[in-house]
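Here are the chains, one letter per residue:
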Amino acid sequence: MLAYAVVLVITQIMMASVESLTATAALALLPVISVFYGLRVTVKALRILDELQRRIHFEATPFNLIGTALLTFTYGFMEKDGLPSMNWVLPFAVGLWGLGQAIAGRKYK
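The shown structure was predicted, so the numbers you read here are calculated from the model rather than taken from an experiment. (Residues numbered from 1 in each chain as written. Predicted model: local features only at pLDDT ≥ 70, side-chain atom pairs only at ≥ 80, totals over all residues. Heavy atoms only, no water.)

Here helix 1 (residues 2-15) crosses helix 2 (residues 21-47) at 175 degrees, and the two axes come no closer than 8 Å. In this view, helix 1 runs roughly antiparallel relative to helix 2, as classed from their interaxial angle. Along its contact with helix 1, which presents Ala-3, Tyr-4, Val-7, Leu-8, Thr-11, Met-14 and Met-15, the element helix 2 presents Thr-24, Leu-27, Ala-28, Leu-30, Pro-31, Ser-34 and Val-35. Residues belonging to the contact of helix 1 with helix 2 are distributed by class as follows: eleven nonpolar, three polar and no charged. (Axes fitted to C-alpha atoms, helices over the stretch in contact; angles between N-to-C directions. Helix = DSSP H or I, 4+ residues; strand = E, 2+ residues; numbered from the N terminus. Parallel < 35°, antiparallel > 145°, perpendicular 65-115°, else oblique. Contact = heavy atoms within 4.5 Å. Nonpolar A, V, L, I, M, F, W, Y, C, P; charged D, E, K, R; others polar.)

This is the structure:
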């Protein structure tokens, strides 16, 4: 997520000074590379977990999905008031997934 955030900020800054549509499109796609890497790492990590840890992750998923939907839906209404674009949905989702894991994991302690 840190790589995604850093690449996102850098590409947004660079896109402001680029006029070529091709270059802008290429810059816009750069953060996606770190997302694919993060997906690969996450799937590998989930595969080595025991049954209890998998269950905790499974129970955290609805918290993540509903929380992300609520945040992004609300944010969408406020975006017209000058807030930055929705490029930060993925970090919100990952953060909520982590919070959901903490909540789900508490009942197994």
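Before going further, it helps to examine helix 2. Between its first and last C-alpha, helix 2 extends 40 Å over 27 residues, near the 39 Å set by a 1.5 Å rise per residue. Along helix 2, the residues classified as buried are Thr-24, Leu-27, Pro-31 and Ser-34. Those residues of helix 2 hidden inside the fold are in contact with helix 1. (Expected span 1.5 Å × (residues − 1). Buried < 20%, exposed > 50% of the residue type's maximum accessible area, 1.4 Å probe, protein only.)

On to the pattern of salt bridges, then. It is possible for side chains bearing opposite charge to pair when their charged atoms get close. A complete count under the given rule lists two salt bridges for this structure. For the salt bridge of Glu-59 with Arg-55, the shortest nitrogen-to-oxygen distance reads 3.0 Å. Remark: Arg-55 and Glu-59 occur in helix 3 (residues 51-79); sequence separation between them is four residues, near one turn of the helix. By relative accessible area, Glu-59 is classed as partly exposed at 21%. Overlapping salt bridges bring together Arg-55, Glu-59 and Lys-107 as one network. (Salt bridge = Lys/Arg side-chain N within 4 Å of Asp/Glu carboxyl O.)

On the surface, Val-9, Ile-13, Leu-71, Trp-88 and Phe-92 cluster together into a nonpolar patch covering about 450 Å² of accessible area. You can see Phe-92 is positioned in helix 4 (residues 89-106). (Patch = residues over 30% accessible without salt bridge, like charges linked within 9 Å, V, L, I, M, F, W, Y side chains within 5 Å. Areas by Shrake-Rupley, 256 points an atom, 1.4 Å probe, with all protein chains shown as cover.)

This paragraph deals with the packing of helix 3 against helix 4. Viewed as axis vectors pointing N to C, helix 3 and helix 4 meet at an angle of 140 degrees, and their least axial separation amounts to 7 Å. Regarding the angle of helix 3 to helix 4, the classification is oblique. Considering only the axes of helix 3 and helix 4, their crossing is right-handed. In this structure, helix 3 contributes Ile-56, His-57, Glu-59, Ala-60, Thr-61, Phe-63, Asn-64, Gly-67, Thr-68, Leu-71 and Thr-72 to the contact, and helix 4 contributes Val-89, Phe-92, Ala-93, Leu-96, Trp-97, Leu-99, Gly-100, Gln-101, Ile-103, Ala-104 and Gly-105. The class makeup of the residues in the contact of helix 3 with helix 4 is twelve nonpolar, nine polar and one charged. (Left-handed = near helix turned anticlockwise from the far one by under 90°.)

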